[in-house]
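# Remarks on the overall topology
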Amino acid sequence: MILLLSVAIAPGLALFSYFYLRNQISAEPSRTLFHTFIYGAILTFPILFIQHVFEVEHIFQSMFLRNVLFTSVLEEFFKWLILVMAIYQHVEFDDPYDGILYGASVSLGFATVENILYIFTFGMDTAFLRALLPVSSHAIFGVVMGYYLGRAKFALSESSKPLLFIALLAPLSLHMMYNGILSIKWISLYFMIPFMLFLWWLCLAKVKKAHLMTIQHFNKRNDISEIL
């Protein structure tokens, strides 16, 4: 049991450590990040419950609509809602790269609990594939969401609302494409490999841009403090 739990938690911990260590400007308070992770973890249970109810009641006759549209919207909307309601106005969200960390944290909280449930249900055989696909893809969706939240937080007031909308729309679109590829069984592998490579390229590009924006943000803040 301890081994299964360790294997289930390890991918999320490793991915979060990577994004955390990429932040070379300032150390984000670990307590706030931990709380964000817990929010994402708790979120897993109502989402799974809603999915179960819709499945039992046969709300969607099409498996494609259920897996591609409904699941993607449900998961990304609630992750976005938590970040907007609980984190976006938080005093410790004080530079653009923080969006990356909080986005990754809430997504990996969700992905880690989901991974634990799957591995305890289906065994160790699923661990490697889940680390490569669901866990890492959730992390990337969170990074993209957090990137646009970070931009919105420090944008001019008139441009923040469109960026908040993009913070939901961008990861949602990626999640729908990911689920869409998985739903086409006979060609999913051939499309999933290049798509995951594209996701990682996009993720690292957003991480780099957020890091540069954070440097500019701190330089600008230092210039203002010197003037004052």
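Quick note: structure is the one above.
Residues numbered from 1 in each chain as written. Predicted model: local features only at pLDDT ≥ 70, side-chain atom pairs only at ≥ 80, totals over all residues. Heavy atoms only, no water.

## Some points on helix α3 (residues 63–87)
Compared with an ideal rise of 1.5 Å per residue, which puts 25 residues at 36 Å, α3 spans 34 Å between its outermost C-alpha atoms and is within 8% of the ideal. The largest bend in α3 is about 30°, located at Phe70. Of the residues that open α3, the one with a side-chain oxygen 3.3 Å from the backbone nitrogen of Phe64 is Ser62. (Helix = DSSP H or I, 4+ residues; strand = E, 2+ residues; numbered from the N terminus. Expected span 1.5 Å × (residues − 1). Bend = angle between axes of the 7 residues up to and from the residue. Polar contact = N/O pair within 3.5 Å; in protein donor to acceptor, adjacent residues only side chain to side chain.)

## Looking at the pattern of salt bridges
For the structure shown, the criterion picks out 2 salt bridges. Across the pair Arg66 and Glu55 runs a salt bridge whose closest N-O atoms are separated by 3.8 Å. Of the two residues, Arg66 is situated in helix α3 and Glu55 in helix α2 (residues 30–56); the sequence distance between them amounts to 11 residues. According to the relative accessible area criterion, Arg66 is buried, its value standing at 17%. Residue classification places Glu55 among the partly exposed positions, given a relative accessible area of 42%. The shortest N-O distance in the salt bridge between Glu76 and Lys79 comes to 3.0 Å. In this pair, Glu76 and Lys79 are both assigned in helix α3, 3 residues apart and thus about one turn of the helix distant. Considered together, Glu76 and Lys79 belong to a single accessibility category, that of buried residues. (Salt bridge = Lys/Arg side-chain N within 4 Å of Asp/Glu carboxyl O. Buried < 20%, exposed > 50% of the residue type's maximum accessible area, 1.4 Å probe, protein only.)

## Regarding the environment of Val73
Mapped onto the elements, Val73 comes out in helix α3. Classification of Val73 as partly exposed rests on a relative accessible area of 33%. Considering only alpha carbons, one finds Val73 and Pro171, 98 residues apart in sequence, at a separation of 9.7 Å.

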